[in-house]
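These are the residues of each chain, in order.
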Amino acid sequence: MTQDEIRVRFAPSPTGPFHIGGARSALFNWLLARKMGGKLILRIEDTDLERSTKESEENIKEALKWLGMTWDEGIDIGGEYGPYRQTERLDIYQKYTEELLAKGLAYHCYCTDEELEKDRQQQMANGETPHYLGRCSHLTKESEAKFIAEGRKPTVRFRVPPNQQIVFTDLVRGTVSFESNGVGDFVIVKSDGIPVYNYAVVIDDALMKMTHVIRAEEHLSNTPRQLLIYDALGFKRPEFGHISLILGKDRTKMSKRHGATSVQQYRDLGYLPEALVNFLALLGWSPVGEQEIFSLEELIQAFSMDRVAKNPAVFDVDKLNYINATYIKQASPECVLELALPHLQAAGYVDGTLTAEKRAWLMEVMTAVKEHLSYGAQVVDHVDIFFNEDVQFESEEAAEVLRDEDASQVIEVFKEKMAALETVDAASVKKVLKSIVKELKLGGKKVYMPLRVAMTGKMHGPDLDHIIPIIGREKVMARINATMAKM
Ligand code: GLU
């Protein structure tokens, strides 16, 4: 490693669905690494044994890969500074704990949960911020021996030096300072020997040679504790950058109330990974200029930490939909079909395996409807006209269109002209439609609307020259005849 190589990490706790906020943190680190020619490390912070699951870890890896974020070191691929899963590093933390204990920078604490809870209640009642009162900070050998004899299992507490100002320059927030007096000696190793996040993270970031720690704002209040540990262990401090919270449109913290919050949910709804990445990049970072649609490559070029905003980012699902719709418009029919297929299956439009012929037909359907899609799941609102041979008027207004005096003539001429066509494709159908407008000297709407209603029952939808070849001449004729017979 050269001296100036940028090393950043994404260090998720695998304790549940992979949240949009986590993906945004991963993305900012990934963009920084790629932009600076540095390295992204993926480390799993699984010291919360009760809540961590393998399933969640798999889910995170899968989501990162889907979003196109690759890592250079970390779980699965290894690297010089592994292992990269915290529960596989317990002996490493143990060594540093012994060092801190030996130097008197940490101590064993035998307080029971009940004692601590009582202190907490008392402090709250006095209007104080709860903090450890230091009961075990200077135990005599005798009292310690007594506690051990009672079978108490100690935690290890970090001894917070009094009267210190903990100051650092945050890449996003500028100078941040905390008073050590408000912190209180805190637990670094639990009574079962498992280190807590604030402790393990420091040892890992230091040993894994991180140059920058870019993470969510909710960790800002953890940073003073972490800095005290850096200093106590003589580690070099990395640069920190705390990226702002993600709020819902009502400016409260983004939660399930605001709709989908996990990457998997967006994937399931039929969003494209490129679009989601594009949207996530704009959650807290702003490019120079007005451009909103960025490829991954363009994001890498344009990204910089100095344009990451301090104020909260607002998750605007309409903007996400706009971005996704833009990508869908440009996507190949195969790709749109990929997004739409699970929804077509769930709605019963297609079943089991697709024949090559059916697949090709579905791709034509996708070409016809993709203009109208913000995400894949919406496909079901647009495709019934291709599947449903039994035309029903969507409204009385639609039926009314066919009662217009010119409607039957339009339909008769259309049927004749269609019957005479050699091949039915978008170009030939377009010609037929134009010639009817011209010959009957009617406005376009007076021609298209009755035809559309007669073959679909609806007043709006994809262009007729698209849908007629897809439905096919015979079915179009049969539908029109059946509809007109009802009039
Ligand atoms: N495991 C922590 C989390 O998932 C990581 C915080 C950090 O990046 O330091 O929130």
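Residues numbered from 1 in each chain as written. Predicted model: local features only at pLDDT ≥ 70, side-chain atom pairs only at ≥ 80, totals over all residues. Heavy atoms only, no water.

Caption draft 1: The arrangement of the overall build of the protein chain in detail. A tally of helices and strands in the protein chain yields 20 helices and twelve strands. Whereas a compact globule of 487 residues would reach a radius of gyration of roughly 23 Å, the protein chain reaches 32 Å, over 25% beyond that. Counting only C-alpha atoms and orienting by the principal axes, one finds that the protein chain spans roughly 105 × 50 × 40 Å. Contacts in the protein chain between residues far apart in sequence, at least 24 positions, make up 74% of those at least 6 positions apart. For the protein chain, the accessible surface area stands at approximately 23700 Å², while carbon and sulfur atoms represent 51% of it. For the protein chain, the separation between the mean place of its 60 positive charges and that of its 72 negative charges on side chains is 2 Å. (Helix = DSSP H or I, 4+ residues; strand = E, 2+ residues; numbered from the N terminus. Rg over C-alpha atoms; globule rule 2.2 N^0.38 Å. Contact = heavy atoms within 4.5 Å. Areas by Shrake-Rupley, 256 points an atom, 1.4 Å probe, with all protein chains shown as cover. Lys, Arg positive; Asp, Glu negative; His and termini not counted. Charge placed at Lys NZ, Arg CZ, Asp CG, Glu CD.)

Caption draft 2: Representation of unusual backbone geometry. The peptide bond linking Gly82 to Pro83 adopts the cis configuration, its omega dihedral lying at -5°. By the element assignment, Pro83 lies in the loop between strand S3 (73-74) and helix H3 (90-102). For Asp76, which is not glycine, the phi torsion reads 75° and is therefore positive. With respect to the helices, strands and loops of the structure, Asp76 is situated in the loop between S3 and H3.

Caption draft 3: The packing of aromatic side chains, seen in detail. For the structure shown, the criterion picks out 15 aromatic pairs. Measuring from ring centre to ring centre gives 5.8 Å for Phe168 and Phe240, while their planes differ by 65°; the resulting arrangement is edge-to-face. With Phe168 in strand S6 (residues 165-170) and Phe240 in strand S10 (residues 239-243), the pair connects residues that are 72 residues apart, well separated along the chain. The pair formed by Phe168 and Phe240 is uniform in burial state, with each residue classed as buried. Ring geometry for Tyr349 and Phe387: centres 4.6 Å apart, planes at 35°, overall tilted. Of the two residues, Tyr349 sits in the loop between helix H12 (333-346) and helix H13 (356-369) while Phe387 sits in helix H14 (residues 384-387), which places them 38 residues apart along the sequence. A connected cluster of aromatic rings, assembled from ring pairs, spans Tyr266, Tyr271, Phe279, Phe315 and Tyr375. (Phe/Tyr/Trp six-rings, centres within 6.5 Å; stacked < 30°, edge-to-face > 60°. Buried < 20%, exposed > 50% of the residue type's maximum accessible area, 1.4 Å probe, protein only.)

Caption draft 4: Quick look at the site of the ligand. If you check the shell around the ligand, you find Arg9, Ala11, Pro12, Ser13, Glu45, Tyr197, Val201, Arg215 and His219 and nothing else. Contacts to the ligand include Ser13, whose side-chain N or O atom sits 2.8 Å from a nitrogen atom. Within the side chain of Glu45, one N or O atom sits 2.6 Å away from a nitrogen atom of the ligand. If the ligand stood free it would expose 300 Å²; the protein chains cover 82% of that surface. A per-class count over the shell around the ligand returns four nonpolar, two polar and three charged. (Near = heavy atom within 4 Å. Polar contact = N/O pair within 3.5 Å; in protein donor to acceptor, adjacent residues only side chain to side chain. Nonpolar A, V, L, I, M, F, W, Y, C, P; charged D, E, K, R; others polar.)

Caption draft 5: Molecular detail of the pattern of salt bridges. The tally for this structure, following the rule as stated, stands at 37 salt bridges. As a salt-bridge pair, Lys253 and Glu218 come within 3.6 Å of each other at their nearest N and O atoms. Residue Lys253 is located in the loop between strand S11 (246-247) and helix H8 (263-269), and its partner Glu218 is located in the loop between strand S9 (212-216) and helix H7 (223-233); the two are separated by 35 residues in the primary sequence. Relative accessible area serves as the criterion here: at 49%, Lys253 is assigned to the partly exposed category. (Salt bridge = Lys/Arg side-chain N within 4 Å of Asp/Glu carboxyl O.)

Caption draft 6: Representation of the sheet that holds strand S4 (residues 106-109). Spatial ordering of the open sheet is given by S4-S5-S8, a layout of three strands whose pairing is antiparallel. Of all strands in the sheet, those with a lone pairing partner are S4 and strand S8 (186-189), marking the two edges. Along the sheet, successive strands turn relative to each other by an average axial angle of 45°, direction set aside. Looking at chain direction, strand S5 (residues 155-158) and S8 are connected through three bridges and run antiparallel. Looking across to S8, one finds that Phe158 is bridged to Phe186. Strands S4, S5 and S8 of the sheet are contacted by H3, whose axis makes an angle of about 95° with S4. (Pairing = 2+ DSSP bridges. Axes fitted to C-alpha atoms, helices over the stretch in contact; angles between N-to-C directions.)

Caption draft 7: Expanded view of the pairing of S10. Across the five residues of S10, four count as buried, placing the element largely inside the fold. Two strands pair when backbone bridges link them, and S9 and S10 are joined in this way by five bridges, in the parallel orientation. Residue Ala216 lies in a different strand from S10, and its bridge partner there is Ile243.

Caption draft 8: Representation of the nonpolar core within the structure. Membership of the largest hydrophobic core comes to 111 residues, with the highest contact counts inside it found for Leu344, Phe386 and Phe414. The element best represented in this core is helix H1 (residues 20-36), accounting for nine residues. In this structure, Leu344 is in contact with Leu337, Tyr349, Val350, Leu362, Met366, Val379 and Val383, ignoring residues within four places of it in sequence. Counting 31 residues, the second-largest nonpolar core is a separate cluster that includes Leu100, Ile166, Leu227 and Leu228. (Core = buried A, V, L, I, M, F, W, Y, C linked by side-chain atoms within 4.5 Å.)

Caption draft 9: Representation of the side chain of Asn324. You can see Asn324 is positioned in helix H11 (residues 317-330). Among the residues examined, Asn324 registers a relative accessible area of 0% and is labelled buried. Among the polar contacts made by the side chain of Asn324, one reaches the main-chain amide nitrogen of Leu272 at a distance of 3.0 Å.

Caption draft 10: Looking closely at the environment of Ser143. Within the fold, Ser143 resides in helix H5 (residues 141-149). Of the residues examined, Ser143 reaches a relative accessible area of 24% and is grouped as partly exposed.

Caption draft 11: Structural view of helix H16 (residues 407-420). The end-to-end C-alpha separation of H16 is 20 Å, in line with the 20 Å expected for 14 residues at 1.5 Å each. The complete set of buried residues in H16 reads Ala407, Val410, Ile411, Val413, Phe414 and Met418. Projection of H16 onto a plane perpendicular to its axis shows the buried side chains occupying an angular sector of 170°, all on one side. Away from its buried face by more than 90 degrees, H16 exposes Glu416, Ala419 and Ala420. Turning to H16, the residues buried within the fold contact helix H15 (396-403), helix H17 (426-439), helix H18 (444-456), helix H19 (464-471) and helix H20 (473-486). (Expected span 1.5 Å × (residues − 1). Arc of directions from axis to C-beta.)

Caption draft 12: Structural view of the state of the cysteines. Applying the stated criterion across every chain yields a total of zero disulfides. No disulfide involves Cys109; its sulfur sits 3.8 Å from the nearest other cysteine sulfur, which is in Cys111. Free cysteine: Cys136, not disulfide-bonded; nearest cysteine sulfur from Cys111 at 3.6 Å. Here Cys136 falls in the buried class, since its relative accessible area comes to 4%. (Disulfide = S-S within 2.5 Å.)

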